[in-house]
Amino acid sequence: MTQTAVTEPTDTPRSTGRPRRRSNDRSVGFDVVAHIILILWSLLVVLPLLWVFVSSFKTTKEALGNPLTWPHSLHWQNYANAWNESGVGPAFINTIIVVGFSLVIVMVLGAMCSYVLARFKFFGNRAIYYLMLAGLTFPIFLAIVPLFSILKNLSLLNTLTGLIVTYVAFALPFTVFFLHAFFKRLPFDVYEAAQVDGAGEWRTFFQVMLPMARPGLASVAIFNFLGLWNQFLLPTVLKPDDSVLTQAMSQFQSQAGYAVDFGALFAAVVITVAPVLVVYIIFQRQLRGSVVAGAVK
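This is a predicted model, so every value here is computed, not measured.

Scoring rules and cut-offs
- Residues numbered from 1 in each chain as written.
- Predicted model: local features only at pLDDT ≥ 70, side-chain atom pairs only at ≥ 80, totals over all residues.
- Heavy atoms only, no water.
- Helix = DSSP H or I, 4+ residues; strand = E, 2+ residues; numbered from the N terminus.
- Buried < 20%, exposed > 50% of the residue type's maximum accessible area, 1.4 Å probe, protein only.
- Contact = heavy atoms within 4.5 Å.
- Core = buried A, V, L, I, M, F, W, Y, C linked by side-chain atoms within 4.5 Å.
- Phe/Tyr/Trp six-rings, centres within 6.5 Å; stacked < 30°, edge-to-face > 60°.
- Axes fitted to C-alpha atoms, helices over the stretch in contact; angles between N-to-C directions.
- Parallel < 35°, antiparallel > 145°, perpendicular 65-115°, else oblique.
- Left-handed = near helix turned anticlockwise from the far one by under 90°.
- UniProt positions renumbered as here; feature names shortened; annotations may be inferred.
- Expected span 1.5 Å × (residues − 1).
- Bend = angle between axes of the 7 residues up to and from the residue.
- Polar contact = N/O pair within 3.5 Å; in protein donor to acceptor, adjacent residues only side chain to side chain.
- Nonpolar A, V, L, I, M, F, W, Y, C, P; charged D, E, K, R; others polar.

**Digging into the overall build of the protein**
Looking only at helices and strands, the protein has 13 helices and zero strands in total. Reading the protein from its N end, one meets helices and strands in the order α-α-α-α-α-α-α-α-α-α-α-α-α. Residue burial in the protein is summarised as follows: out of 297 residues, 35% are buried. Taking contacts inside the protein between residues at least 6 apart in sequence as the whole, the part at least 24 apart equals 71%.

Written as structure tokens, this is what we have:
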């Protein structure tokens, strides 16, 4: 007897490659458009920075003659003039001190406050959180006069300490708002495991939970650094002696009048922008490494 194989009919229709091909064409077209937009945006950002950097090595005559040409020789004296004669040097050091201390204090206080508000339930938790958020809606212009009076009564007016306290107060609400959601998403299993192993609350926070929040800390540190470094209104009112970079740059440009040393001016701009780029690159690498490490774990 011979056996014949019986094939069961299938209900699945035969697929054609046309829809998939159209989908692939659309995705390729979208990628091309996205890359073109990103390239144009990168050129809009990079070319002005490159032009300022090249112009910082020119003389005033070269800068006014043809701004788009390369300098005949590198005038490193422009950086010395910008550092010594324009007051950028002392202002740069003061800005590093003020922003550095303010950033460290606001990151520590913001991380601790957001961690407690996100992980612990107690009476007044939501009220404190919403009061923190209210600080984001308060315009800085309305706080100038009260801040001036408070710092004057505390003998902190026209001091770096008063400027640091003010910077911390204005950066703290954003830090708490940003990190609150980040700490809230961290797994409770890790916290419970640390508690079972005998770790206290302080050790659990600093050795377990805080390292897990490193990507969020890196992101909010970038935003805080940019905001504090470029602050102009607060130091102008609370410490009006041209002791930070934004004030020194404004004073340098206004005092020059028609006899502007454009080479030194561009060099001062490079000195002002360089720390921002360095800090962004450092924190960006740390953020990328933290995300990859978290994905592997």
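**Some words on the environment of T69**
With respect to the secondary-structure elements, T69 resides in the loop between α2 (60-65) and α3 (77-84). Note: C-alpha distance between T69 and V54 (15 residues apart in sequence) is 8.9 Å. Discounting chain neighbours no more than four positions away, the residues touching T69 are V54 and K58.

**Brief notes about the nonpolar core**
Among the nonpolar cores identified, the biggest contains 61 residues, and V106, M107, A111, F183, F225 and W229 are the most heavily contacted of them. In terms of residue count, helix α4 (residues 88-119) provides more of this core than any other element does, twelve residues in total. Discounting chain neighbours no more than four positions away, the residues touching F225 are V99, L103, P275, V276 and V279.

**Some remarks on the packing of aromatic side chains**
Summed over all chains, the structure comprises 18 aromatic pairs. Pairing F178 with F223 gives two aromatic rings, centres 6.4 Å apart and planes at 55°, and the pair type is tilted. Taken as a pair, F178 in helix α7 (residues 160-184) and F223 in helix α10 (residues 214-229) lie far apart in primary sequence, 45 residues in all. Seen from their ring centres, F183 and F205 are 6.3 Å apart, and the 40° between their planes marks the pair as tilted. Residue F183 is located in helix α7, and its partner F205 is located in helix α9 (residues 201-212); the two are separated by 22 residues in the primary sequence. Assessed through its relative accessible area of 5%, F205 is described here as buried. Among the aromatic side chains, those forming a connected cluster through ring pairs are Y115, F120, F183, W202, F205 and F206.

**Examining unusual backbone geometry**
The phi dihedral of S155 falls on the positive side, at around 60°, and the residue is not glycine. Its location among the elements puts S155 in the loop between α6 (144-153) and α7. A relative accessible area of 62% places S155 in the exposed class. The phi torsion at N158 lies on the positive side, around 60°, for a residue other than glycine. Looking at the element boundaries, N158 is found in the loop between α6 and α7.

**Considering the packing of α4 against helix α5 (residues 125-134)**
The interhelical angle for the contact between α4 and α5, taken along N-to-C directions, is 140°, at an axis separation of 9 Å. By the angle class used here, α4 and α5 are oblique. In the packing of α4 onto α5, the handedness of the crossing is left-handed. Each of C113, V116 and L117 in α4 lies in contact with α5, whose residues at this interface are N125, I128, Y129 and M132.

**A short note on the UniProt feature "transmembrane region" (unreviewed entry) in the protein**
If you check UniProt for "transmembrane region" (unreviewed entry), the listed places come out as residues 28-54, 91-117, 129-151, 163-183, 217-238 and 258-283 in our numbering. Helix makes up 100% of residues 28-54 and strand 0%, whereas the separation of the span's terminal C-alpha atoms amounts to 37 Å. Between the end C-alpha atoms of residues 217-238 there is a gap of 29 Å, over a span that is 86% helix and 0% strand.

**Thoughts on the side chain of S102**
Looking at the secondary structure, you find S102 in helix α4. We classify S102 as buried; its relative accessible area is 0%. Once residues lying within four places of it in the same chain are set aside, the contact partners of S102 are I164, Y167, V168 and L228.

**A closer look at α7**
Counted at 1.5 Å a residue, the expected span for α7 with its 25 residues is 36 Å, and the 35 Å between its end C-alpha atoms agrees. Considering bend angle alone, the principal kink of α7 is centred on A171 and spans about 35°; proline P173 follows within four residues of it.

**Section: the side chain of S114**
Considering the arrangement of structural elements, one finds S114 in helix α4. A polar side-chain atom of S114 sits 2.7 Å from the main-chain carbonyl oxygen of G110. At 3.1 Å, the side chain of S114 and the backbone oxygen of A111 are in polar contact. Contact partners of S114, with chain neighbours within four places excluded, come to V176, L179, H180 and F183.

**Let's talk about the packing of α5 against α7**
Direction vectors running N to C along α5 and α7 enclose 125°, while the axes themselves pass 8 Å from each other. By the angle between their axes, α5 is oblique relative to α7. Contacts from R126, Y129, M132 and L133 in α5 reach L172, P173, V176, F177 and H180 in α7. Across the contact of α5 with α7, the residue classes tally to seven nonpolar, one polar and one charged.

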